[in-house]
Amino acid sequence: MHVAALGSAPGILNAQAKRPAGTRQMLVETLTGDRDYALAMVDSMPARLLHFKPVPEVRDFAEQIEHVASTGAAYVARFVLNDNHGPALGDSAAAMKSKAGLKRLVRTAFDYCLREVQTLPDSTLLTPTRFFGRDIPRWRVFMMVHSHDVWTMGSVVAYFRLNGMPPPAFEAF
């Protein structure tokens, strides 16, 4: 069969418009795990090291955690809901001054993402959106949030190790 014929076959087009069974629950579990791991990182990092960075060119610990939280919420707002303003997360500069503030920011951002993935109708989640040059179903934006979370929090592991501390246990399995 020609590749061009695959793109026009009705069965192929219908398959692209569906999400795999159990996707919503998987997204909830994945984002909940990301939130819990970000909170565990904040809990495990001593307050005196909130602004530690291994080299001058990178974000410090608090900036990395804020980046995880705020980027996920911004992706959901912009690419799922077409909202360029995003959710009210509070003053991130103030939040990064204490562990309590950082945890509040993490909870607020992840709760926003979780609320949206739990309540949006399938018709919205299946609708394509333009995400950095690619058309993807909106439910996949939540997977991109997770990928970004894992990538960024994975880099923060070095912040713990460079200070002679183990990172919090990764319990994804």
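Preceding this paragraph is the structure being described.
Bear in mind that the values here come from a model prediction, so they are computed numbers and not experimental data. (Residues numbered from 1 in each chain as written. Predicted model: local features only at pLDDT ≥ 70, side-chain atom pairs only at ≥ 80, totals over all residues. Heavy atoms only, no water.)

**Considering the packing of aromatic side chains**
Within the structure shown, the criterion is met by eight aromatic pairs. Between Tyr 75 and Phe 131 the ring centres are 5.3 Å apart and the planes differ by 90°, which places this aromatic pair in the edge-to-face class. Here Phe 131 lies in strand β1 (residues 128-131) and Tyr 75 lies in helix α4 (residues 61-80), a separation of 56 residues in the sequence. Residue Tyr 75 shares its accessibility class with Phe 131, and that shared class is buried. An aromatic cluster of at least three residues, connected via ring pairs, comprises Tyr 75, Phe 79, Phe 131 and Phe 132. (Phe/Tyr/Trp six-rings, centres within 6.5 Å; stacked < 30°, edge-to-face > 60°. Helix = DSSP H or I, 4+ residues; strand = E, 2+ residues; numbered from the N terminus. Buried < 20%, exposed > 50% of the residue type's maximum accessible area, 1.4 Å probe, protein only.)

**A few points about the pattern of salt bridges**
Tallied over the full model, the rule gives five salt bridges. Between Asp 36 and Arg 35 there is a salt bridge, and its shortest N-O distance comes to 3.0 Å. Among the residues examined, Asp 36 registers a relative accessible area of 38% and is labelled partly exposed. Using a relative accessible area of 18% as the deciding quantity, one classes Arg 35 as buried. (Salt bridge = Lys/Arg side-chain N within 4 Å of Asp/Glu carboxyl O.)

**A word on the nonpolar core**
Most often, soluble globular proteins have nonpolar side chains that are buried together. Grouped together as the largest cluster of nonpolar side chains are 47 residues, with contacts concentrated most on Met 41, Phe 61, Leu 102 and Phe 142. Elements that contribute at least two residues to this core include exactly α3 (23-44), α4, α6 (99-119) and α8 (139-161). By residue number, the principal contributor to this core is α4, which donates eleven residues. In contact with Leu 102, other than residues within four places in its own chain, are Val 42, Leu 50, Phe 61, Ala 62, Ile 65, Glu 66, Ala 95 and Met 96. (Core = buried A, V, L, I, M, F, W, Y, C linked by side-chain atoms within 4.5 Å. Contact = heavy atoms within 4.5 Å.)

**What to know about the side chain of Thr 129**
When you line up the elements, Thr 129 lands in strand β1. According to the relative accessible area criterion, Thr 129 is buried, its value standing at 6%. In this structure Thr 129 touches Phe 79, Arg 134, Asp 135, Ile 136, Arg 138 and Val 141, once residues within four positions along its chain are discounted.

**Concerning the packing of α4 against α8**
Running from amino to carboxyl end, α4 crosses α8 at an angle of 175°, the nearest separation of the two axes being 10 Å. The angle between α4 and α8 falls in the class roughly antiparallel. Seen from α4, the contacting residues are Phe 61, Gln 64, His 67, Val 68, Thr 71, Gly 72, Tyr 75, Val 76, Phe 79 and Val 80; seen from α8, they are Val 141, Phe 142, Val 145, His 148, Asp 149, Thr 152, Met 153, Ser 155, Val 156, Tyr 159 and Phe 160. Its residues placed into classes, the contact of α4 with α8 shows 13 nonpolar, seven polar and one charged. (Axes fitted to C-alpha atoms, helices over the stretch in contact; angles between N-to-C directions. Parallel < 35°, antiparallel > 145°, perpendicular 65-115°, else oblique. Nonpolar A, V, L, I, M, F, W, Y, C, P; charged D, E, K, R; others polar.)

**So, the packing of α4 against α6**
At their nearest, the axes of α4 and α6 sit 9 Å apart, and the two run at 20° to each other. One element, α4, and the other, α6, form an angle in the roughly parallel class. Crossing hand, α4 versus α6: left-handed. For the pair α4 and α6, the contacting residues are Phe 61, Ala 62, Ile 65, Glu 66, Val 68, Ala 69, Gly 72, Ala 73, Val 76 and Ala 77 in the first and Leu 102, Leu 105, Val 106, Ala 109, Phe 110, Tyr 112, Cys 113 and Glu 116 in the second. (Left-handed = near helix turned anticlockwise from the far one by under 90°.)

**Observations concerning the pairing of strand β2 (residues 134-137)**
Judged from the four bridges that link them, β1 and β2 form a sheet pairing that is antiparallel. Paired with Arg 130 across the bridge in β2 is Asp 135. Count of turn residues in the β1/β2 antiparallel hairpin: two residues, of which Phe 132 carries a positive phi of about 45°. (Pairing = 2+ DSSP bridges.)

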